[in-house]
Amino acid sequence: MKRTDPEQVGDLVKRLLRENDLDGLADRQLICSLWPEIVGQGINRYTTRRWVDGEKLHVVISSAALKNELTFHRERLTEALNRGAGKTVISDVVIH
């Protein structure tokens, strides 16, 4: 396929991800990488693992007190993570 007009690299990457059904994977990785930025380094120090399963971000916290506190802020965390991603990727944050 011969192209005559230039294409921006960002647009090319997005198109390739979409064509290969990898855009969902990229969104899930983005959500996981946004966690430290959203909660800050103080809370992130107690985060031992995080992953996205379906539409839920699962986060393992090593401090029981912090785990309890974050449970009360799940809705705000979900909104902040989705806002950081620029679209709705997750519907809930599950604290373990």
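Rules of the game
- Residues numbered from 1 in each chain as written.
- Predicted model: local features only at pLDDT ≥ 70, side-chain atom pairs only at ≥ 80, totals over all residues.
- Heavy atoms only, no water.
- Helix = DSSP H or I, 4+ residues; strand = E, 2+ residues; numbered from the N terminus.
- Rg over C-alpha atoms; globule rule 2.2 N^0.38 Å.
- Pairing = 2+ DSSP bridges.
- Axes fitted to C-alpha atoms, helices over the stretch in contact; angles between N-to-C directions.
- Buried < 20%, exposed > 50% of the residue type's maximum accessible area, 1.4 Å probe, protein only.

**Student:** Requested: an account of the overall build of the protein chain, with residues and values cited.
**Tutor:** The helix and strand inventory of the protein chain stands at 5 helices and 3 strands. Each helix (α) and strand (β) of the protein chain, taken in turn from the N terminus, gives the series α-α-α-β-β-α-α-β. At 17 Å, the protein chain has a C-alpha radius of gyration far larger than the 12 Å of a compact globule built from 96 residues. For the protein chain, the spread of C-alpha atoms along the three principal axes comes to 60 × 25 × 20 Å.

**Student:** Got a sec to walk through the sheet that holds strand 2 (residues 56–61)? Specific residues and values, please.
**Tutor:** Whether parallel or antiparallel, the strands of a sheet pair through hydrogen bonds between backbone atoms. Taken in spatial order, the 3 strands line up as 1-2-3 in an open sheet, and their pairing is mixed. Both edges of this open sheet fall to strand 1 (47–53) and strand 3 (92–95), since each of them pairs with a single strand only. In this sheet, neighbouring strand axes are inclined to one another by 20° on average, regardless of whether the strands run parallel or antiparallel. Pairing of strand 2 with strand 3 involves 4 bridges; the strand directions are parallel. The residue bridging histidine 58 from the neighbouring strand is valine 94, located in strand 3.

**Student:** Explain the environment of glutamine 41 residue by residue, including any values.
**Tutor:** Structurally, glutamine 41 is set in helix 3 (residues 41–44). When its relative accessible area of 52% is taken as the criterion, glutamine 41 is described as exposed. Each C-alpha atom of the pair glutamine 41 and leucine 30 lies 17 Å from the other, and the pair is 11 residues apart in sequence.

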